[in-house]
Amino acid sequence: MKNILLLISGLLLFTSCSLSDDSPTPENPDNETMYFPPNDANAWETKTPASLNWNEAAIQPLLDYLQTKHSRSFIILVNGRIVMEEYFNGHTATTPWYWASAGKTLTSTLTGIAQEEGLLNINNKISDYIGTGWTSAPLDKENLITCKHLLTMTSGLNDEGGDSVAPEDLQYLADAGSRWAYDNVYVKLQDVIAAASGQTWSDYFNNRLRDKIGMSGSWINSGEDLSVYWSTTRSMARFGLLALNNGNWNGTQIVNSQYLNAATTTSQQINKSYGYLWWINGEESYHLPQSQLQFNGSLVPNGANDMYMALGKNDQKIYVIPSRKMVVIRMGDAADEENWALSGFDNELWGKINAVIN
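## Brief notes about the layout of surface pockets
Rolling a probe over the atoms, with the probe sized like a water molecule, indicates the empty space that remains.
Phase 1: The volume enclosed by the largest pocket comes to roughly 490 Å³.
Phase 2: The wall of the largest pocket is formed by 23 residues, among which Ser101, Asp163, Asn184, Leu226 and Trp340 lie closest to the centre.
Phase 3: Of all the elements in the fold, those that place two or more residues in the lining of the largest pocket are β4 (218–221) and β5 (227–231).
Phase 4: Examining the composition of the lining of the largest pocket, we find that 4 residues originate from one element, β5, more than from any other.
Phase 5: The class makeup of the residues in the lining of the largest pocket is 11 nonpolar, 7 polar and 5 charged.
Phase 6: One number sums up the size of the second largest pocket: a volume of about 260 Å³.
Phase 7: Ala41, Asn42, Ala93, Thr232 and Arg234 are, among the 14 residues lining the second largest pocket, the residues nearest its centre.
Phase 8: Grouping the amino acids of the lining of the second largest pocket by side-chain chemistry returns 4 nonpolar, 7 polar and 3 charged.

## What about helix α2 (residues 59–68)?
Phase 1: The set of residues buried in α2 consists of Ile59, Leu62, Leu63, Tyr65 and Leu66. Axial view of α2: buried residues confined to an arc of 160°, hence all on one face.
Phase 2: Trailing α2 by a residue or two, His70 shows a phi angle of about 65°, which is positive.

Reading the values: the criteria
- Residues numbered from 1 in each chain as written.
- Predicted model: local features only at pLDDT ≥ 70, side-chain atom pairs only at ≥ 80, totals over all residues.
- Heavy atoms only, no water.
- 1 Å grid on protein atoms, 1.4 Å probe; cavity = no way out; pocket = protein on both sides within 12 Å on 5 of 7 lines; lining within 4 Å.
- Points joined across faces, edges and corners; volume = space filled by probe spheres on them.
- Helix = DSSP H or I, 4+ residues; strand = E, 2+ residues; numbered from the N terminus.
- Nonpolar A, V, L, I, M, F, W, Y, C, P; charged D, E, K, R; others polar.
- Buried < 20%, exposed > 50% of the residue type's maximum accessible area, 1.4 Å probe, protein only.
- Arc of directions from axis to C-beta.

What follows is the structure in structure tokens.
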């Protein structure tokens, strides 16, 4: 009996001490439900860095670095909730900015949606949808090029023609699938989707993706052959959140999860760090835009090995890190000098982020 009383007394003392302890207990993101902001409102749930036990002393150095590097906006989501949201250099939450090549992932996503609807098959040749003569390659070589080759940057077409995707500038260089080269020919997928759906590219995009996840923004012509997506930073974050959740938005499957998994993993063996217009971290080697050289190691050594990325000219960034249930967005001017998607800024930035989150 004495032992039982001692045990009860000890339990009461432990409970009393626990209740009187005012120190916050760090939250475990693995135990938290995923949050999706409403499509028809500006509301967005937040959480504090302290609640995640982040190093708050490292936050101001991160923000100072972002401002020094010509950033305009920066967001970190964990489980869909905003943990950090900052704007710089006169930019605001309602100011649109261009995605540049980070928007390639929008085209990739719409291609998956169109395939799921039975409008196209990524293994079919481009000419099945928009006819022959869309390149200046010999017909037998042009007919080797499938939608998947455009998704993976392996069309074999000459990548030195600048932004133009006019037939005279799409010249045969190698058989499709035998050469990786970062180029704008992927935009022909937008023509494929428009032809297959019987809608304009913008209308199909708005109906199937933008409006379904509450994004704002629009495609703005930047030349004869190209259009670039402009939106707010939060709209970019919404798209990153969709990717984090395997194409599911608050219970509605927007894009097939198997397709999205294929899009965000190695798609071919030439550039192992490239999926379907997404960049992949943690692989053994990579190629850089405008180069045929292979480099050993991971794209962003300071980044998580499971991270995949939408990367645009002058350091427009969407980083998705499934292991941390995290999305990171950066928009702005070039951090250092003009670039084609990848730059040393990625690794430097993740060094600063790691000081906060680890």
